[in-house]
Amino acid sequence: APAVKRVLPPRSSSGVQAAPVLLWDLDLEAPGLHHIPALRPKPVPKAGFLEWLQGRGERLGQSPSAAELNRLWKSVKPVPGREGLFILPACGDKADFAGLYQQIAWQGPMVEQPEQGLNLFRSLLAHLAEKGGFAHLLLDARTGVTDLGG
């Protein structure tokens, strides 16, 4: 947690508004940014990115509709006590993230046609940046070969 505290915007008491920042938990194998006390949104998230992906089903490789993008935006939560800091959790607070991960049809848009996955990710980044007016989007993502990822 100390490394996280260094990137948190300062608590604003001077009246100067901090540039908005989104922390996106893309560590889909060990999500939990929203469990860190300094980042815990209230109310706790009921859904996050994995639930959004799972809800897209067979449309995973297609461009998301405006309604789907708005549904994802509902998972973005402000961090209490940290003006301008928001979090997009990987999954809801009580979710079975491994079960959600396994239900998503990753093979097509992420392996067989990676341009589809790249286009999806680009559209999500653009939507989130525009909708939230974020100056920065910080992604917490796992790298390398893993048990779930191959």
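Quick note: structure is the one above.
Draft legend 1. Representation of the packing of aromatic side chains within the structure. A full pass over the atoms with the stated rule returns six aromatic pairs. Consider the rings of W24 and F121, whose centres lie 5.5 Å apart with planes at 25°: the pair is stacked. Note that W24 is positioned in strand β1 (residues 21-26) and F121 in helix α6 (residues 114-132), a separation of 97 residues in sequence. The class for F121 is partly exposed, based on a relative accessible area of 26%.

Draft legend 2. Expanded view of the pattern of salt bridges. Tallied over the entire structure, the rule returns three salt bridges. With its nearest N and O atoms 3.1 Å apart, the salt bridge here joins D93 to R40. Linking D93 in the loop between β3 (85-88) and α4 (97-103) with R40 in the loop between β1 and α2 (49-56), this pair joins segments that are 53 residues apart in sequence. Assessed through its relative accessible area of 25%, R40 is described here as partly exposed. A salt bridge links R59 to E68; its shortest N-O distance comes to 2.7 Å.

Draft legend 3. Broad picture of the sheet that holds β1. Strand order in this open sheet of four strands is β2-β3-β1-β4, and the pairing throughout is mixed. If you trace the sheet from one side to the other, it starts and ends with β2 (77-78) and β4 (136-141), each paired once. Across two bridges, β2 lies against β3 in antiparallel orientation. Among the inter-strand pairings, P78 is bridged to a residue of β3, identified as F86. Against the sheet, α6 contacts β1, β3 and β4, and its axis sits at roughly 150° relative to β1.

Draft legend 4. Main features of the nonpolar core. One finds F49, L53 and L124 to be the most contacted residues of the largest nonpolar core, which totals 23 residues. Of all the elements in the fold, those that place two or more residues in this core are β1, α2, α3 (66-73), α4 and α6. At four residues, α2 tops the list of elements feeding residues into this core. The next biggest cluster of nonpolar side chains, apart from the first, holds eight residues, and it includes L39, V79, L85 and I87.

Draft legend 5. Layout of the packing of α2 against α3. Between α2 and α3, the least distance of the axes is 9 Å, while the angle of their chain directions is 155°. As summarised for this structure, α2 and α3 are arranged roughly antiparallel, according to the angle between their axes. Crossing of α2 over α3 shows right-handed handedness. Facing α2, whose interface residues are F49, E51, W52, G55 and R56, α3 presents E68, R71 and L72. The class makeup of the residues in the contact of α2 with α3 is three nonpolar, one polar and four charged.

Analysis parameters
- All chains use their own residue numbering, which begins from 1 and follows the written sequence.
- Local features in this predicted model are restricted to residues whose pLDDT is 70 or higher, and side-chain atom pairs enter the listing and the counts only when it is 80 or higher, whereas totals over whole chains, interfaces and linings include all residues.
- Values reported for side chains reflect all heavy atoms of the structure, with hydrogen atoms and water molecules removed beforehand.
- When two rings of Phe, Tyr or Trp (its six-membered ring) have centres within 6.5 Å they constitute a pair, described as stacked for plane angles under 30 degrees, edge-to-face for angles over 60, and tilted for the intermediate range.
- Numbering of helices and strands runs from the N terminus, with a helix taken as a DSSP run of H or I at least four residues long and a strand as a DSSP run of E at least two residues long.
- Think of it in three bands: residues with accessible area under 20% of the maximum for their type are buried, residues over 50% are exposed, and the middle band is partly exposed, with areas taken using a 1.4 Å probe on protein chains only.
- When a carboxyl oxygen of Asp or Glu lies within 4 Å of a side-chain nitrogen of Lys or Arg, that pair is called a salt bridge.
- In short, DSSP must find at least two bridges between two strands for them to pair.
- Contact criterion: two residues are considered in contact whenever any of their non-hydrogen atoms come within 4.5 Å of each other.
- Every angle, taken between N-to-C directions, lies between 0 and 180 degrees, and every axis is a line fitted to C-alpha atoms, over only the stretch in contact when it is a helix.
- Residues enter a nonpolar core if they are buried and are Ala, Val, Leu, Ile, Met, Phe, Trp, Tyr or Cys, with the set joined through side-chain atoms within 4.5 Å.
- Note on terminology: angles under 35 degrees are roughly parallel, angles over 145 are roughly antiparallel, angles of 65 to 115 are roughly perpendicular, and the others are oblique.
- Helix crossings get a hand from a simple test, with the near helix turned counterclockwise from the far one by less than a right angle marking a left-handed crossing and a clockwise turn marking a right-handed one.
- Each residue gets one of three labels, nonpolar for Ala, Val, Leu, Ile, Met, Phe, Trp, Tyr, Cys and Pro, charged for Asp, Glu, Lys and Arg, and polar for the others, Gly among them.

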